[in-house]
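Given next are the chains, with one letter for each unit.
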Amino acid sequence: MIMNQLVPSSVAELSNCKLTILEMLPHEIAQNLAALNCKDQQSEDEKENTELERQLERLRKKLLSLDSNSPHSAFESLQITTKIQQITKILTSPEKSSFSCSILHEGMLKIEQEFVNLLFHYKQSHVGPEITSFRSSEENFEDLSINSFADDLIEAKNSQIEIGNLSAEQSVVDLVNPLVLPTLKSIAELMSISNYEEELIEAYVNARMEAIDEILLKLRFEKISIEEVSNMEWAKVNSLIKRWNWVFKIFVRVYLTSERRLIELIFGDISKSLACSCFSEISKVPMVHLMSFPTTVAIGNPKTEKLFRVLDMHETLVEMLGDVKNLYNEQTDGSILAEYREVLLRLGEFAKGILIEFRSAIQSNKSKTVPANGAVHPITRYVMNYIQTLSAYSSTLESLLEGTKGKEEYYASIAIILELNLESRLRFYTDEALQNFFMMNNIFYMVQKVKDSDLRSIMGDNWIRSHNGRFQTFAMNYERASWGSVLSYLRDEGICHPGTSIPSRSVLKERFKGFNSGFEEAYQVQTGWLVPNSQLRDDLRISTSLKVLQAYRTFVGRYGTCIDGVRHRDRYIKYRPDDLEGFILDLFEGRQRSLHGVYRR
C-alpha cells in the first residue's frame, strides 16, 4: 500500500514530480556549498588566530626577557607592546581576545615601568650655580626694633635675588635628558590610545613628585609650623624669609616652568586636559607648602622689625603672579590661584597692621632720655632711616594705602608725629640755647634724609622748603639764646659817662671782663655740644664767627685804647680776634674743653 502511494498514477504526475525535484536541487546545492565554504573560512581563521597567538606568546617571552636598564630596553619594550596592541585589535574571538588583552596588559605594565625608569634615571634637576647657590645673610642682620633705633641705614630689599632678571631661555631647563623624550612621548601615546591614561598619569605624577621633593630638598627649605616660627628669634625668621623669597622665585620661574614644558613635550599632542591634570597633581602640594610660610609669618604680632621682610614676600608674590597665572588655568586650577591671592591679601593686611603699629610706636615712645650734647636723637635716626628704606617699596605701599595720596599722607603723618615727639622732649633741657640747638640738629637731619633719597619725590619740595625754614629758625634762636648775652657786653650803650661822649674806663673793664667770662663759659659748654653733620658744623662756626668776631673787632678797635696803661691790661683784653676765631673752630665737636688759664695763643 505504502509503495503504491509513492508511485505516480499517471505520466503527468510523474512529470510534475520531476520538475519539483529539479527546482529544489540548486538551492540545496548552494546551501551545502555555503556550509562547506564557511567551514573552510573558520578553519582559515582558526589557523590565523592560532598563528597570532603564537606571535603573542613569542612577543610576551621577548618582553619578559628584556632588562629594564637602558633607553634601548625601553624602545624595544615599546616596539613589542605596539605589536601586541596591533594584534589584539585583529583578534575577534572572545576567548582569543581575552588572551591577547591579558598579554597587552602585561605589555602596558612593562612600558609603564620603562616610562618610570626613564624619568628616574635620566632626570636632570640641576641648574647653574648662580641660581642654586644661596648664602644666608644672618651675619648682616640688623636689629630693626623700635627700641634699638639703629643708627645705620636699615637693610631693605635683598640684593641677592636676581631671579627676576632671568630671560625665558635662562629660566627653562631640561628636567629630563632630551635624548629620551621621544621614547617617553611614544610610550605615553600608546598607553593613552590603549585606554591606560589613568595608569599613565599616576606613573608620571609619582615619578615627578619624587623629583620635585628632591629639588625642594636641594633648595633647603623645609616646612615650618606656626609654633616653630613664633618661637624663633627674629634673626632666624629674617634669614628664612630671605631664603623663601629666593626659593619661591627659583621654584616657580625655573622648576615649575620647566616642569610645565616637560609635560607639554610628553603629553601636549595627546590631550591638553591630561597635561593640565598632570601638572596640577605634581605642583599643588609643593605650592601649598611654599605658600604656607608667608601665611605663618603673617599670623604673628605686627612688630615693626618685620615690615620690610613682609613687604619683600608681598612683592615676590606680586612679581610672580603673572608666572603663576601662566602655569595654571583659572577654571581647572582655581583653588591654587585662589589660595595664592588669599596669601597676598593676608600679607597686605599684615603689612598695613605693621605700618599702623610703627606710627603708634613713635607716638607712645615717651622715654626721658635726650642727648646731653644736643645731637640727633636716636628716634630721629631710626624713624628717618625706616621711612627712607620704606620708600624703596613705593609701588607696594600705594597698593596697600589706597594710592599715591594715601602713601603721601602716611609719610607726612610720620614726620609730624616725629616732630611732636621731639618737641615733647625739650622739657628735659633747661638751657634754651640747647633746646633750639637740639631741634636744629634733628630738623636738619630730617631735611637731609628727605633731600638725598627717594623720600623727596614723596614728601615734595614744599615740605623741604618749609622744614628748611624751621631749621633756620631754630638755628637763629640758638645763636640768639647762646651768644646774645655774650655779645651784649660789646654794645655801645652805657659805655660813656652820663651826659658825655667820654668812655668810662671802669665800665669798659667790666664789659671786657664780662665778655671774656661769657665767651669762656660758652666755649666750655659748646665744645661739648655736637653737630654730627660736618657741613652744618662748618656753617654754624662761620655764622658764629661772623657775629662774634665782627662785634669784638669793632669793640676792641673803638675802645681798646681807652684802657691803655691800665694795670693788668691783658686781663681785660685777653684774646685777639684771631684767637677767638681759632677757639670757635673747636665748637660742636662733642669734646668739652676749657679756656681757664689760657690768655693768648
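Report follows, based on the coordinates. (Residues numbered from 1 in each chain as written. Predicted model: local features only at pLDDT ≥ 70, side-chain atom pairs only at ≥ 80, totals over all residues. Heavy atoms only, no water.)

Side note on the layout of surface pockets
Empty space left among the atoms is revealed by rolling a probe the size of a water molecule over them.
Moving on, step 1. Counted as a void, the largest pocket has a volume near 250 Å³.
Moving on, step 2. Looking at the largest pocket, it is lined by 15 residues, and the ones nearest its centre are Val-229, Ser-230, Gly-300, Asn-301 and Lys-306.
Moving on, step 3. Listing elements by their share of the lining of the largest pocket, those giving two or more residues are helix H9 (226-230), helix H10 (234-267) and helix H11 (272-298).
Moving on, step 4. A total of 3 residues in the lining of the largest pocket trace back to one element, the largest contributor, which is H9.
Moving on, step 5. Broken down by class, the residue content of the lining of the largest pocket amounts to 7 nonpolar, 4 polar and 4 charged. (1 Å grid on protein atoms, 1.4 Å probe; cavity = no way out; pocket = protein on both sides within 12 Å on 5 of 7 lines; lining within 4 Å. Points joined across faces, edges and corners; volume = space filled by probe spheres on them. Helix = DSSP H or I, 4+ residues; strand = E, 2+ residues; numbered from the N terminus. Nonpolar A, V, L, I, M, F, W, Y, C, P; charged D, E, K, R; others polar.)

Structural notes on the nonpolar core
Moving on, step 1. Phe-115, Tyr-204, Phe-248, Phe-267, Met-287, Phe-293 and Phe-519 are the most contacted members of the largest nonpolar core, which totals 162 residues.
Moving on, step 2. The dominant element in this core, judged by the number of residues it contributes, is H10, at 18 residues.
Moving on, step 3. Other than its neighbours up to four places away in sequence, Phe-519 contacts Trp-483, Val-486, Val-548, Leu-580, Phe-583, Ile-584 and Leu-595. (Core = buried A, V, L, I, M, F, W, Y, C linked by side-chain atoms within 4.5 Å. Buried < 20%, exposed > 50% of the residue type's maximum accessible area, 1.4 Å probe, protein only. Contact = heavy atoms within 4.5 Å.)

A short note on empty space enclosed by the protein
Moving on, step 1. Scanning all chains against the criterion turns up 1 cavity of 30 Å³ or more.
Moving on, step 2. The calculated volume of the largest cavity comes to roughly 50 Å³.
Moving on, step 3. Residue lining of the largest cavity: Val-173, Asp-174, Leu-175, Val-176, Pro-178, Leu-181, Ser-258, Arg-261, Leu-262 and Leu-265, and that is the complete set.
Moving on, step 4. Considering each element in turn, the lining of the largest cavity owes the most residues, 4 residues, to H10.
Moving on, step 5. Its residues placed into classes, the lining of the largest cavity shows 7 nonpolar, 1 polar and 2 charged.

A look at helix H8 (residues 197-219)
It helps to recall that an α-helix has 3.6 residues per turn; residues three or four apart then point in one direction.
Moving on, step 1. For H8, with 23 residues, the first-to-last C-alpha span of 32 Å sits near the 33 Å given by 1.5 Å per residue.
Moving on, step 2. Along H8, the residues that are buried comprise Leu-200, Ile-201, Ala-203, Tyr-204, Val-205, Ala-207, Arg-208, Ala-211, Ile-212, Ile-215, Leu-216 and Leu-219.
Moving on, step 3. Looking at the residues trailing H8, positive phi occurs at Arg-220, about 60°. (Expected span 1.5 Å × (residues − 1).)

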